[in-house]
Amino acid sequence: GENVEQHPSTLSVQEGDSAVIKCTYSDSASNYFPWYKQELGKRPQLIIDIRSNVGEKKDQRIAVTLNKTAKHFSLHITETQPEDSAVYFCAASKRNKLSFGAGTTVTVRA
Amino acid sequence: DTAVSQTPKYLVTQMGNDKSIKCEQNLGHDTMYWYKQDSKKFLKIMFSYNNKELIINETVPNRFSPKSPDKAHLNLHINSLELGDSAVYFCASSQGVGGLYEQYFGPGTRLTVT
């Protein structure tokens, strides 16, 4: 099955700085890579996704890059704000199944 | 206008009991999922249904039995509850099968087994 590794497990950044989370996956057949944000006590919500035929995608302060050859993808958050504090999960999808990384707890310091 | 709803939100019960969690979505999606999130926040898929048919059945004890009476509902019944079943259970839905679509999660059910 698919194995998704996510680093770092915790990340503390100063407000206004950038945050980067990296994930690797094991199965080259995976073709969809979403990122979910989960605030404390809330449900996971999709913030951005990328498909295997695209190398980069950006949505305002959030960007995702995908390197299919190396089987890794990254989330970049610029100009971080306190409301960006949450747990972020990467995931890789093969056929019907999403496999999630272990999550990164991001804390934005004011 | 809730998209994916679950009941109950909290469930506290004793070992050995049987309990059910209900999930409903009003998004018109045809694929629904159950996930388990453990105390370390790890999210793992348990089951997936497409048009009431089981399409994913992970290595889950057979004490867990999902049931999908129609496309909009996916319930989870758990027999003989154990301490290790304590977790947050999330229902989710997506348009289409194939894992290529955004999954919309419900609010979660926090199950505590004592």
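Per chain, residue numbering runs from 1 following the sequence as it is written. Starting at A for chains and at 1 for ligands, labels are handed out in the order in which the entities are written. Reporting in this predicted model follows two pLDDT cut-offs: at least 70 for local features of residues, and 80 or more for side-chain atom pairs to be given and counted; totals over whole chains, interfaces and linings ignore these cut-offs and use all residues. With hydrogens and water excluded, all non-hydrogen atoms of the structure serve as input to the side-chain values.

Enquirer: For this particular structure, what's the right way to read the pattern of salt bridges?
Expert: Note that side chains of opposite charge can pair when their charged atoms are close. Here, a salt bridge means any side-chain nitrogen of Lys or Arg that lies within 4 Å of a carboxyl oxygen of Asp or Glu. The full count for this structure, using the stated rule, is eight salt bridges over all chains. The residue Glu58 of chain B makes a salt bridge to Lys97 of chain A at a minimum N-O spacing of 3.0 Å. Of this pair, Glu58 of chain B sits in the loop between strand 6 (53-57) and strand 7 (64-70) while Lys97 of chain A sits in strand 10 (residues 97-100), on two different chains. Under the relative-accessibility criterion, Glu58 of chain B is labelled buried at 18%. The structure contains a network of salt bridges with shared partners spanning Lys97 of chain A together with Lys44 and Glu58 of chain B. Secondary structure follows DSSP: runs of H or I at least 4 residues long count as helices, runs of E at least 2 residues long count as strands, and numbering of each begins at the N terminus. Exposed residues in this analysis have more than 50% of their type's maximum accessible area, buried residues have under 20%, and partly exposed residues fall in between, with area computed by a 1.4 Å probe over protein chains only.

Enquirer: How should the pairing of strand 3 (residues 19-25) of chain B be read in this particular structure?
Expert: Side-chain positions along a regular strand alternate between the two faces of the sheet. In the sheet, strand 1 (residues 4-7) of chain B pairs with strand 3 of chain B via four bridges, with the strands oriented antiparallel. Bridge pairing in strand 3 of chain B places Thr7 of chain B opposite Lys22 of chain B. Pairs of strands are assigned from DSSP output, requiring at least two bridges between the strands.

Enquirer: Honestly, the sheet that holds strand 3 of chain B in this entry has me stumped. Any pointers?
Expert: Strand pairing in a sheet relies on backbone hydrogen bonds. The paired strands run either parallel or antiparallel. Residues and elements named next belong to chain B. Spatially, the four strands line up as an open sheet ordered 1-3-8-7, and their pairing is antiparallel. Looking at strand neighbours, the two that pair on one side only are strand 1 and strand 7, the edges of this open sheet. Taking the axes of each pair of neighbouring strands and ignoring which way they run, one obtains an average angle of 20° across the sheet. Pairing geometry for strand 7 and strand 8 (residues 73-78), over five bridges, is antiparallel. Of the residues in strand 8, the one forming a bridge with Lys67 is Asn75. For helices, the fitted axis covers only the stretch in contact; all axes are lines through C-alpha atoms, and the angles between them, taken along N-to-C directions, range from 0 to 180 degrees.

Treat this as a map of the structure, not an account of what it does.
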